[in-house]
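Here's the letter readout for the chains.
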Amino acid sequence: MNNQKQQKPTLTGQRFKTRKRDEKERFDPTQFQESIVQGLNQTGSDLEAVAKFLDASGAKLDYRRYAETLFDILVAGGMLAPGGSISDDLTRTEFCLFTAQEDLETMQAYAQVFNKLIRRYKYLEKGFEEEIKKLLLFLKGFTESERNKLAMLTGILLANGNISAAVIGSLFNENVVKEGVSAAFAVKLFKSWIYERDINAVAVALRKVGMDNRLMELFPANKRSCEHFSKYFTDAGLKELSDFARNQEAIGSRKELQKELQEMMARGDNFKDIIAYVREEMKKTSISEQLMIGIVWSSVMSCVEWNKKEELVCEQSIKHLKQYSPLLKAFTSQGASEIILLVKIQEYCYDNIHFMKAFQKIVVLLYKADVLSEEAILKWYTEAHVAKGKSVFLDQMKKFVEWLKHAEEESESEEEEEN
């Protein structure tokens with residue numbers, strides 16, 4: 001018996017097999033454009049029919065490959081060249097956003113067309129947002145009426161959540177900012193956005209993408225001031241937007257102030273200098289004492305590394321706050337400021353679980369240091385406290401409050417006897 005395995009014959013040479021999926025099709029949007037334009041010319045200005053045509057065409061045409069061409073046609077009637085001009089050598093349609101009537105109702109109807117299309121073909125979402133960013137960069141190439149329509153549409157799309165507020169970043173491009181194009185566009189955009197939702201929803205969307213502190217960039221560098229922004233948008237009927245911008249600037253100022261305060265504390269600057277600096281900033285930025293005591297409290301509590309053990313953090317906080325009590329005292333000259341400080345202490349102890357048992361000791365310390373008055377503590381106890389840890393902290397304060405009330409009664413009776 002032959003145990004050797006018989007060698008199998010082998011093929012010599014090489015054989016190549018080309019798969020269809022490996023063959024890259026040349027990018028040629030001409031035929032795609034002709035199909036879309038022909039369909040739009042047939043549906044005319046009936047936007048319901050347009051939506052149905054686009055829905056059906058997605059099954060036959062390559063929307064994924066020609067998304068930019070599709071959106072260019074729906075907005076401008078044909079493919080856009082860099083800068084915003086339409087390519088004249090290709091078929092174009094008069095039934096598009098730029099030739100539509102310039103009013104909010106018509107733009108709402110167009111927004112629905114885009115909404116239905118993207119809902120049906122989810123993969124178009126990203127391409128659509130990129131298209132809007134591109135169109136905003138091309139604003140100078142469009143007529144004023146075309147810009148107005150695009151602005152209203154963009155505001156509605158933002159309100160509906162079809163696109164992210166990140167698209168606004170395109171308006172900060174220097175070429176668009178020049179000659180006031182960005183600012184004028186922003187007026188129409190924010191008017192339709194706020195009309196569809198409200199300023200609070202707009203604020204949330206802007207903060208989500210870090211655009212809330214960049215709105216000044218709608219103007220050239222020499223006009224980027226809160227005063228100019230406020231006047232421009234208030235005159236345009238958008239006072240709520242100018243108020244929002246003012247508020248954002250104030251928040252920014254407060255953050256900078258807190259940062260500087262923490263640095264002064266870290267350097268060990270004396271309290272006299274810190275107090276003088278803070279009072280000067282209060283004058284400059286019109287910050288009230290009630291707002292300032294919150295900033296001072298946050299700064300004081302942020303300038304130390306806290307122990308992670310509950311039994312040790314209580315002792316550490318008392319020692320630390322005893323040292324900084326003169327600073328807190330300087331900004332609690334009003335009863336309202338004392339109440340704010342008490343609420344801030346309550347919130348801090350609740351949010352930082354290691355401090356839960358330290359609340360009463362902190363309040364008593366600040367009472368003895370003449371930072372908090374008995375009137376403020378009693379008012380906080382009866383009506384001014386907040387919900388955070390309410391039952392725990394009221395229970396902690398019960399005996400001390402009873403002592404305060406008793407001391408107050410004794411004081412009143414002594415006064416009566418003297419009289």
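Placed above this text is the structure.
Here we summarise the structure given alongside this text. In this numbering scheme, every chain counts its residues from 1 along its sequence in written order. Local features in this predicted model are restricted to residues of pLDDT 70 or higher, and side-chain atom pairs are both shown and tallied only at a pLDDT of 80 or more, whereas totals for entire chains, interfaces and linings draw on every residue. Hydrogens and waters are ignored; side-chain quantities use all the structure's heavy atoms.

1. Some points on the packing of helix α11 (residues 239-267) against helix α13 (residues 289-302)
For clarity, the threshold we go by: All axes here are fitted lines through C-alpha atoms, helices being fitted over the stretch that makes contact, and every angle between N-to-C directions spans 0 to 180 degrees. By definition, any uninterrupted DSSP run of H or I lasting at least four residues is a helix, any uninterrupted run of E lasting at least two residues is a strand, and each is numbered from the N terminus. Note on terminology: angles under 35 degrees are roughly parallel, angles over 145 are roughly antiparallel, angles of 65 to 115 are roughly perpendicular, and the others are oblique. It is the rotation of the near helix from the far one that decides the hand of a crossing: anticlockwise by less than a right angle makes it left-handed, clockwise makes it right-handed. Here, two residues are considered to be in contact whenever any of their heavy atoms come within 4.5 Å of each other. Only Asp, Glu, Lys and Arg are considered charged, only Ala, Val, Leu, Ile, Met, Phe, Trp, Tyr, Cys and Pro nonpolar, and every remaining residue, Gly among them, polar.
Direction vectors running N to C along α11 and α13 enclose 45°, while the axes themselves pass 9 Å from each other. The orientation of α11 with respect to α13, classified from their angle, is oblique. In this structure, α11 meets α13 at a crossing whose hand is right-handed. In this structure, α11 uses Arg254, Leu257, Gln258, Leu261, Gln262 and Met265 to contact α13, whose residues at the interface are Leu291, Met292, Ile295, Val296, Ser298, Ser299, Val300 and Ser302. Classifying every residue of the contact of α11 with α13 gives eight nonpolar, five polar and one charged.

2. A word on empty space enclosed by the protein
Using the following cut-off: For each structure, a 1 Å grid was placed over the protein atoms alone; sets of points admitting a 1.4 Å probe that cannot get out are labelled cavities, open sets with protein on both sides within 12 Å along at least five of seven lines are labelled pockets, and lining residues have an atom within 4 Å of a point. Grid points are joined across faces, edges and corners, and a volume is the space filled by probe spheres set on the points.
Applying the stated rule across the entire model yields one cavity of 30 Å³ or more. The space that makes up the largest cavity amounts to roughly 70 Å³. Residue assignment for the lining of the largest cavity shows that the elements contributing at least two residues are α2 (47-57) and α4 (104-120). The class makeup of the residues in the lining of the largest cavity is eight nonpolar, one polar and no charged.

3. Here we look at the nonpolar core
What counts, and what does not: Residue types Ala, Val, Leu, Ile, Met, Phe, Trp, Tyr and Cys, when buried and joined through side-chain atoms within 4.5 Å, form a set referred to as a nonpolar core. Burial here depends on accessible area, computed with a 1.4 Å probe over protein chains only, as a share of the maximum for the residue type. Under 20% is buried, over 50% is exposed, and the range in between is partly exposed.
Judged by nonpolar contacts, the single largest core of 79 residues is most densely connected at Ile168, Phe190, Trp193 and Leu206. Looking at this core element by element, the count peaks at nine residues for helix α8 (residues 181-196). Those residues in contact with isoleucine 168 that lie beyond four places of it in its chain are Leu158, Phe190, Trp193 and Leu206.

4. As for the pattern of salt bridges
Note the cut-off: By definition here, a salt bridge exists when the distance from a side-chain nitrogen of Lys or Arg to a carboxyl oxygen of Asp or Glu is within 4 Å.
Per the stated rule, a full pass over the model turns up 16 salt bridges. Here arginine 120 ties to aspartate 55 by a salt bridge, and the two come within 3.3 Å at their closest N and O atoms. Taken together, the residues span a long stretch of sequence, with arginine 120 in helix α4 and aspartate 55 in helix α2 at a distance of 65 residues. We classify aspartate 55 as partly exposed; its relative accessible area is 33%. Lysine 388 serves as the salt-bridge partner of aspartate 351, at 3.2 Å between the closest nitrogen and oxygen. A residue pair is termed long-range when its members are at least 10 positions apart, and aspartate 351 in helix α15 (residues 335-351) and lysine 388 in the loop between α17 (374-384) and α18 (390-418) qualify at 37 residues.

5. Here we look at the layout of surface pockets
One number sums up the size of the largest pocket: a volume of about 210 Å³. In this structure, the largest pocket is lined by 13 residues; those nearest its centre are Leu158, Gly161, Ile163, Ala165 and Ala205. Those elements that place two or more of their residues in the lining of the largest pocket are α6 (144-160) and α9 (199-208). The dominant element in the lining of the largest pocket, judged by the number of residues it contributes, is α9, at four residues. The residue makeup of the lining of the largest pocket, split by class, is nine nonpolar, two polar and two charged.

6. Topic: the packing of aromatic side chains
How we decide: Working definition: rings of Phe, Tyr and Trp (its six-membered ring) pair if their centres are within 6.5 Å, and the pair is stacked with planes under 30 degrees apart, edge-to-face with planes over 60 apart, and tilted otherwise.
Applying the stated criterion across every chain, the model contains 23 aromatic pairs. With a centroid separation of 5.2 Å and 70° between ring planes, the pair formed by tyrosine 232 and phenylalanine 233 is classed as edge-to-face. Taking relative accessible area as the criterion, phenylalanine 233 reaches 0% and is therefore assigned buried. Aromatic ring contacts, followed pair by pair, group Phe32, Tyr63, Tyr66, Tyr121 and Tyr123 into a single cluster.

7. Observations concerning helix α3 (residues 67-76)
The element α3 is largely enclosed, with a buried count of nine among its ten residues. For α3, the full list of buried residues reads Ala67, Thr69, Leu70, Phe71, Asp72, Ile73, Leu74, Val75 and Ala76. Looking at the packing, one finds that the buried side of α3 touches α1 (30-43), α2, α4 and α5 (124-137). Among the residues trailing α3, glycine 77 stands out with phi positive, at a value near 95°.

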